[in-house]
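Commentary on secondary and tertiary structure
Chain residues, written in single-letter form:
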Amino acid sequence: MRLFAFTCGWLTGAMANFLAGADGRLRVPVPCFLIEHPGGWVLFDSGLHPHTQRDPAARLGFKAKLFDVEFQPGEEVAARLVALEVDPGSIRYLVNSHLHFDHTGGNASIPNAQLVVQRSEWEAGHDADLMMRNAYDAHDYDTGQGVLQVDGEHDLFGDGRVVCLPTYGHTPGHQSLRVRLDSGEVVLTADACYLRRTLEALHLPSVVHDAEQMLTSLRVLRRLRDAGARIFYGHDPEFWSSVPQAPAAVS
Ligand SMILES: [Zn+2]
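Below is a short write-up of the structure. No experiment lies behind these values; they were computed from the predicted model shown.

About the criteria used
Residue indices follow the written sequence of each chain, beginning from 1 at its first position. In keeping with the model being predicted, local features are shown solely for residues with a pLDDT of at least 70 and side-chain atom pairs are shown and tallied solely at 80 or more, while totals for entire chains, interfaces and linings include all residues. Derived side-chain values reflect all non-hydrogen atoms in the structure, with water molecules and hydrogen atoms excluded from consideration. A run of DSSP states H or I qualifies as a helix once it reaches four residues; a run of E qualifies as a strand once it reaches two. Both are numbered from the N-terminal end. Working definition: with a 1.4 Å probe on protein chains only, accessible area under 20% of the residue-type maximum means buried, over 50% means exposed, and in between means partly exposed. In this analysis, two residues are considered to be in contact whenever any of their non-hydrogen atoms come within 4.5 Å of each other. Each accessible area is a Shrake-Rupley result for a 1.4 Å probe, and residues are judged covered by the shown protein chains and nothing else. Charge convention: Lys and Arg are scored as positive, Asp and Glu as negative, and His as well as the terminal groups of each chain are ignored. The location of each charge is read from NZ of Lys, CZ of Arg, CG of Asp or CD of Glu. Aromatic pairs are defined between Phe, Tyr and Trp rings, using the six-membered ring for Trp, whenever the two ring centres lie within 6.5 Å; interplanar angles under 30 degrees are classed as stacked, those over 60 as edge-to-face, and all others as tilted. Here, a strand pair is defined by DSSP locating no fewer than two bridges between the strands. Axes here mean lines fitted to C-alpha atoms, for a helix over just the part in contact, with angles spanning 0 to 180 degrees between N-to-C directions. In this listing, donors mean N, O and S atoms no farther than 2.8 Å from the metal, or 3.2 Å for Na, K and Ca; water is missing from the atoms, so a site can look incomplete. Square planar and octahedral assignments, for four and six donors respectively, both demand that opposite donors be over 155 degrees apart and that all other angles lie between 65 and 115; tetrahedral needs four donors with all angles between 85 and 135 degrees, and anything else is irregular.

The next point concerns the overall build of the chain. Tallying secondary structure elements over the chain gives 10 helices and 12 strands in all. Structurally, the chain occupies a C-alpha span of about 45 × 40 × 35 Å along its principal axes. Out of the 251 residues belonging to the chain, those deemed buried represent 53%. Expressed as a percentage of contacts within the chain between residues at least 6 apart in sequence, the contacts between residues at least 24 apart total 64%. When the accessible surface of the chain is totalled, it reaches about 10300 Å², and 50% of it is carbon and sulfur. Each charge class in the chain was averaged separately, 21 positive and 31 negative side chains, and the resulting centres sit 4 Å apart.

Okay, here's the thing in C-alpha cells:
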C-alpha cells in the first residue's frame, strides 16, 4: 500500500470562505490523492477541470469571481498520474469526496474507473434545487463512468485498508477516506475539514450545507485523531507544506 499526494493547482479566496468571520484572503492547495492497493489504483478526488487553466470564467461561471485560480498545464490530475507512470485509464476506483468543481473537475480524464460517491451526494447532484444551492455543475461529474452509490461507511476492498467515511455537512453526502498505511491510519478529510483550525476550534466556514451535520462530522474526525490517525486537512496551505509530493510517497 502506498499513498501519493498531488497538488493540482491553487485557489485564493476570502478567508471567510474557510473560517466564518475571518478577515483577509487565503491561498489554498487543490489536493488529489492516489492509493496503490494490491486490488487496484484508487484516486481520491480529481481537482479542477483542465479548461480552468485557460479560461476560469468560462468554466466556473460566478465561482471564478470568488476564487483566483492558479493552475498550469501539467498540474491537472491526469498529467500528475502520467508523470508517475500511472495510466489514467488504469484507475479502478475514483472516489469523489463530494461534487464541487475543485474535486470532480478531472473526472472525465479518468475514463475507466468506477465512481464511488455517497448516495445522498449523487442524488443532490441531480436535484435542481440542491444543485443550485451547492453550486454543482453536472458537466464535472456526469462523465459516463459507472457509479457506485454507497450509504455510509464503505470498505472498498473488503480488507479495511481503504474505507469511505461519511462526513456529511459541507455538502449533503460529503465523504472522507480512511487509508490504513503500514505506518498507521491516515484520514483524507477533504472539505469536511478545510484547515487544522477547523478541527481544533470547531470553526466552520461561512457557507455550509448543514452546520449541525458538519459539527458531528468534525467530532468524528477528532475521535479518529485522538485514536492516533493522521488527519490530512482538505485545503490547509500550512499543513500541505509538510506533505511529501509525488513521486515521493506519504510514509
Ligand atoms: Zn474543496
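Let us now look at the packing of aromatic side chains. Counted under the stated rule, the structure contains 9 aromatic pairs. On the numbers, 5.5 Å between centres and 70° between planes, the contact of Y93 with F157 is edge-to-face. With Y93 in strand β5 (residues 91–95) and F157 in the loop between β8 (154–155) and β9 (162–166), the pair connects residues that are 64 residues apart, well separated along the chain. Taking relative accessible area as the criterion, F157 reaches 19% and is therefore assigned buried. Ring plane angle 90° and centroid distance 6.2 Å describe the contact between Y136 and Y141, whose orientation is recorded as edge-to-face. Overall, Y141 belongs to the buried group, its relative accessible area being 1%.

Paired through their backbone hydrogen bonds, the strands of a sheet run either parallel or antiparallel. If you trace the 5 strands from one edge of the open sheet to the other, you get β8-β9-β10-β11-β12, paired in mixed fashion. Only two strands of the sheet have a single partner each, and these edge strands are β8 and β12 (230–233). Bridge analysis of strand β10 (residues 175–181) against strand β11 (residues 184–190) gives 5 bridges, and the strand direction is antiparallel. Pairing of L181 across the sheet is with G184, part of β11. Those strands touched by helix α9 (residues 211–226) are β9, β10, β11 and β12, and its axis lies near 160° from that of β11.

Looking at the metal site, the zinc ion is ligated by D102 (OD), H103 (NE2), D191 (OD) and H235 (NE2), spaced 2.0 to 2.3 Å from it. Its 4 donor atoms give the zinc ion angles of 88 to 159° at the centre, a pattern that matches the irregular case. Sequence spacing of the donor residues for the zinc ion, all on one chain, is D-H-x87-D-x43-H. Neither residue differs from the other here; D102 and H103 are each classed as buried.

So yeah, pure geometry; function would need other evidence.
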